[in-house]
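If you want the building blocks of each chain, they are given just below.
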2 protein chains.
Amino acid sequence: MASSSIEKERRPTRVLDGSRVAVEIKREVAETVTLLNRVYGVSPRLAVVRIGDDQASEVYVRNKVRTSAEVGIMSEHFALPATTTIDELLNLITSLNNREEVDGILVQLPLPGGMDSARVLEAIDPAKDVDGFHPINVGRLAQGQLALVPCTPAGIIELLVREGIEIEGARACVVGRSHIVGRPVAALLLQRNATVTICHSFTRDLSSATSQADILIAAIGRPAFIRGSHIKPGAIVVDVGMNKVTDEGAARALFNREEVERRVETIRKRGYTLIGDVHPAEASEVAGALTPVPGGVGPLTVAMLMRNTVDACRCRRGLEEGKGRK
Amino acid sequence: MASSSIEKERRPTRVLDGSRVAVEIKREVAETVTLLNRVYGVSPRLAVVRIGDDQASEVYVRNKVRTSAEVGIMSEHFALPATTTIDELLNLITSLNNREEVDGILVQLPLPGGMDSARVLEAIDPAKDVDGFHPINVGRLAQGQLALVPCTPAGIIELLVREGIEIEGARACVVGRSHIVGRPVAALLLQRNATVTICHSFTRDLSSATSQADILIAAIGRPAFIRGSHIKPGAIVVDVGMNKVTDEGAARALFNREEVERRVETIRKRGYTLIGDVHPAEASEVAGALTPVPGGVGPLTVAMLMRNTVDACRCRRGLEEGKGRK
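Residues numbered from 1 in each chain as written. Chains lettered and ligands numbered in written order. Predicted model: local features only at pLDDT ≥ 70, side-chain atom pairs only at ≥ 80, totals over all residues.

S.K.: Any chance you could break down the overall build of chain A for me, citing the residues and the numbers?
M.R.: Along chain A, the regular secondary structure elements total 13 helices and eleven strands. Its C-alpha atoms give chain A a radius of gyration of 21 Å, within 12% of the compact-globule value 20 Å for 326 residues. For chain A, the spread of C-alpha atoms along the three principal axes comes to 70 × 40 × 40 Å. Counting over 326 residues, chain A shows a buried share of 46%. For chain A, the proportion of contacts with a sequence separation of at least 24, taken over those separated by at least 6, is 70%. (Helix = DSSP H or I, 4+ residues; strand = E, 2+ residues; numbered from the N terminus. Rg over C-alpha atoms; globule rule 2.2 N^0.38 Å. Buried ≥ 20, exposed ≤ 12 C-beta atoms within 10 Å, placed from the backbone. Contact = placed C-beta atoms within 7 Å.)

Structure below.
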């Protein structure tokens, strides 16, 4: 009886509103841009390079260019044909490296098949590497030095910190070990003194690892892969996934009563609705806090790209040194 | 009754003989050196730089120079006074970077207080960075690219592999997050598909994390810190610690019957005996395999430095490319 009454009193899962935090960050960036302009006469400038005609990449790039305009960052967009050779791309990068007024260079991934992305990313001046993928920035991050940090992991930490979630001493579990999310977010959590476990496709008994985590980061790329049974009751769950659900029946099994009709509606209108790597209905029964999809981690990525561009600008030009994040 | 008879039949803890594996590695390196010499007329060359008169550093450096001679690597030893300025040190590094015949450059740590070691380590040509501490090598390691890997972590992996211990799918726990051992060994274990947890001074309930590990790496720097209760029965335990015990009574509490008299003898003769971060008597009651101290991880570090020097030589000079380790 007592236990059942406790169950009934379970607090509703808190929604970690990434969209709101992203707006906050963008507002701060815009203020810094205004200040840099007024005090130093400097305008941060971002160059975005896209090769080929991948639809998703096009949407991402458009979003980055539009957000730049919103916060007052100058941007240049280079859309190169799929037939571009690696030498042509490297030449463009060299010219952007050499242009003093360019603060940030971003080459949108994935590159066309067969192009050596490690070689391309290493060609970017580390001081302008706003995606934080250059090995020297990866190494500096791992060594706890000042570095440009990949945007999604940096956004996740920013969200946790601004939402008042204690990282120090927490057990954190990162599922997925990509170079874009899993590994760098694990490095950042470790730097903030969490005890960090990294799981992946070779992990045996995944739920025994995940269900001990006070902070669970899912960055796998498989829809609703993390079920209720993977989650420690009350845990903070960050869902980095972004997958499409096109089937109404599937949607009905994934979303809870309050949400399902809206989602079905979205499928009927757009042909799909977005779902993360975490089963939303099950997670909302167990987790203490959860990032929604969409509106959780997604908007933070672009916001942090803006902040990285401004940080790169200040650091390169020696304005208010040392204000970059670790 | 059954359980007690099973206990009695417990297999004795296997000793992971690092000294033997180190001899094996050095023999292989010596063979490669002979081959490089015969086929290409090339002699790998290592430059070791030491600043000040730290006693332990002097012993380490002497050991590195002597081992170089053993395997046929040419070595140069620069012993600079404690009064050396950072600019003088950077000048020396630049001249070593520029000397075509120098394949490896090692600056012995720790540097004298007040000297910016990050700046010194970044000055070393990454292609000659046989300690693997340059951020670009740290980043390449994290990204799973070809890199020069820190010697102790590389030696630990080499030991596990040569002893036939399966890393893939194992739960590994690394206690300690130094840039020299803890973090890079975690990166290497992850690359070999272990599920990796990193613990440190902020970890709450350490034994709940360690006692789930199939492979437990202790790299903390506190004598006998890891007790029997931290260890999963049958686990592989790698003890990276190297601490001095000077008190006979303390030694009697730490070593088991077969070993204690020899250890007390050593204390009487030399003034101390070496102990790791793992309680040896307790661990030998629980672990499936254990690296001894001394004779476990220690000898592997210098052996791997030799291998890194030969790898750097081959890679820099374009001889048998791609043979470097990850």
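S.K.: Break down the sheet that holds strand S8 (residues 236–239) of chain A for me, citing the residues and quoting the values.
M.R.: Sheet architecture is open: twelve strands sit in the order S1(A)-S11(A)-S8(A)-S7(A)-S5(A)-S6(A)-S6(B)-S5(B)-S7(B)-S8(B)-S11(B)-S1(B), paired in mixed fashion. Looking at strand neighbours, the two that pair on one side only are strand S1 (14–15) of chain A together with strand S1 (14–15) of chain B, the edges of this open sheet. Both strand S7 (residues 215–218) of chain A and S8(A) contribute to a ladder of four bridges, which runs parallel. If you follow A:Ile217 over to S8(A), its bridge partner there is A:Val238. Docked against the sheet, helix H8 (residues 182–191) of chain B engages strand S6 (195–199) of chain A together with strand S5 (171–175), strand S6 (195–199) and strand S7 (215–218) of chain B, running at close to 170° with respect to S6(B). (Pairing = 2+ DSSP bridges. Axes fitted to C-alpha atoms, helices over the stretch in contact; angles between N-to-C directions.)

S.K.: Requested: an account of the interface of chain B and chain A, with residues and values cited.
M.R.: Many descriptions give the size of an interface as the accessible area lost when the pieces come together. Residue-level contacts link 26 residues of chain B with 26 residues of chain A. Mapped onto the side of chain B that touches chain A, the elements with two or more residues apiece are helix H6 (135–142), H8 and S6 of chain B. Of all the elements, H6(B) adds the most residues to the side of chain B that touches chain A, at seven residues. Taken together, the residues of the side of chain B that touches chain A sort by class into eleven nonpolar, ten polar and five charged. (Nonpolar A, V, L, I, M, F, W, Y, C, P; charged D, E, K, R; others polar.)

S.K.: Explain the domain arrangement of chain A to me, using residue names and the numbers behind them.
M.R.: The domain architecture assigned to chain A consists of domain 1 (40–127) and domain 2 (151–241 + 276–298). For domain 1 of chain A versus domain 2 of chain A, the separation of C-alpha centres amounts to 29 Å. (Domains from an automatic or database assignment.)

S.K.: I'd like a description of the nonpolar core, backed by residues and values.
M.R.: A:Val174, A:Ile217, B:Val174 and B:Ile217 are the most contacted members of the largest nonpolar core, which has 186 residues in total. Other than its neighbours up to four places away in sequence, B:Ile217 contacts B:Ile156, B:Ala172, B:Val174, B:Val175, B:Val185, B:Val238 and B:Val240. (Core = buried A, V, L, I, M, F, W, Y, C linked by C-beta atoms within 7 Å.)

S.K.: Explain the packing of helix H3 (residues 55–71) of chain A against helix H13 (residues 298–316) of chain A residue by residue, including any values.
M.R.: Packed helices, taken two at a time, are described by the angle between their axes plus the distance between the axes. Residue and element names in this part refer to chain A. Following both chains from N to C, one finds H3 and H13 inclined at 55°, their axes separated by 10 Å at the closest point. In terms of axis orientation, H3 runs oblique to H13. Our pair here, H3 against H13, has a crossing hand that is right-handed. Here H3 contributes Asn63, Lys64, Thr67, Ser68 and Val71 to the contact with H13, which in turn contributes Val302, Leu305 and Met306. Along the lines of polarity and charge, the residues of the contact of H3 with H13 split into four nonpolar, three polar and one charged. (Parallel < 35°, antiparallel > 145°, perpendicular 65-115°, else oblique. Left-handed = near helix turned anticlockwise from the far one by under 90°.)

S.K.: Describe in detail helix H4 (residues 86–98) of chain B, supporting the description with residues and values.
M.R.: All names here are of chain B. Taking 1.5 Å of rise per residue, the 13 residues of H4 would be expected to cover 18 Å, and the 18 Å separating its terminal C-alpha atoms lies within 8% of that figure. Leu89, Ile93 and Leu96 are the residues of H4 that are buried. Taken down its axis, H4 places every buried residue within 60° of arc, on the same side. Across H4 from its buried face, at more than 90 degrees, point the exposed residues Asp87, Asn91, Ser95 and Asn98. (Expected span 1.5 Å × (residues − 1). Arc of directions from axis to C-beta.)

S.K.: Go over the pairing of S8(A) with me, naming the residues and quoting the values.
M.R.: All names here are of chain A. Across the two faces of S8 the burial is the same, with Ile236 and Val238 and Val237 and Asp239 all buried. Bridge count between S8 and strand S11 (residues 289–290): two bridges; the pairing is parallel. Each residue of the ladder has a partner; that of Ile236, found in S11, is Ala289.

S.K.: Can you break down the relation of the copies chain B and chain A residue by residue, with the values?
M.R.: At an RMSD of 0.0 Å, chain B and chain A line up after a rotation of 180° and a shift of 0.0 Å along the axis. Taken together, the turn and the small shift mark the pair as related by a two-fold rotation axis. A symmetric contact is evident, with 100% of the interface residues of chain B recurring at the interface of chain A. (Least-squares fit on C-alpha atoms with pLDDT ≥ 70 in both.)

S.K.: Describe helix H11 (residues 257–270) of chain B, and please don't skip the residues or the numbers.
M.R.: When the terminal C-alpha atoms of H11(B) are compared, their 21 Å separation across 14 residues agrees well with the 20 Å that a helix rising 1.5 Å per residue should span. Following H11(B) by one or two positions, B:Gly271 adopts a phi angle in the positive range, close to 95°.

S.K.: I'd like a rundown of the packing of helix H6 (residues 135–142) of chain A against H6(B), residues and numbers included.
M.R.: At a minimum axis separation of 6 Å, H6(A) and H6(B) run at an interaxial angle of 95°. The angle between H6(A) and H6(B) falls in the class roughly perpendicular. In this structure, H6(A) uses A:Pro135, A:Ile136, A:Asn137, A:Val138, A:Gly139, A:Arg140 and A:Ala142 to contact H6(B), whose residues at the interface are B:Pro135, B:Ile136, B:Asn137, B:Val138, B:Gly139, B:Arg140 and B:Ala142. Of the residues that constitute the contact of H6(A) with H6(B), the class distribution is eight nonpolar, four polar and two charged.

S.K.: Help me get a handle on the confidence of the model for chain A, residues and values and all.
M.R.: Low pLDDT marks regions whose predicted coordinates should not be analysed in detail. Residue and element names in this part refer to chain A. On average, residues of chain A score 94 in pLDDT, and 95% of them reach the 70 mark or higher. In the predicted structure, residues 321–326 sits below a pLDDT of 50 and forms ten contacts with residues beyond four places in sequence or in another chain. Taken over the whole predicted complex, pTM reads 0.94, whereas the ipTM for its chain interfaces reads 0.93. (pLDDT = per-residue confidence, 0-100.)

S.K.: How would you summarise the environment of B:Pro44 if you had to cite specific residues and measurements?
M.R.: Residue and element names in this part refer to chain B. Turning to its location among the elements, Pro44 is positioned in the loop between helix H2 (18–40) and strand S2 (45–51). Judged by the 29 C-beta atoms lying within 10 Å of it, Pro44 is buried. Sequence separation between Pro44 and Ile73 is 29 residues, and the spatial gap between their C-alpha atoms is 5.4 Å. Look past the residues within four positions of Pro44 in its chain and what remains in contact with it is Val33, Leu36, Ile73, Met74, Asp103, Thr309, Val310 and Cys313.

S.K.: I'd love a proper account of unusual backbone geometry, names of residues and values included.
M.R.: Residue and element names in this part refer to chain A. The linkage connecting Leu109 with the following residue, Pro110, adopts the cis geometry, with an omega of -5°. On the secondary structure map, Pro110 appears in the loop between strand S4 (104–107) and helix H5 (117–123). The backbone phi angle of Asn193 is positive, close to 70°, even though this residue is not glycine. Relative to the elements of secondary structure, Asn193 occurs in the loop between helix H8 (182–191) and S6. For Ala224, which is not a glycine, the phi torsion comes out positive at approximately 55°. Within the fold, Ala224 resides in the loop between S7 and S8.

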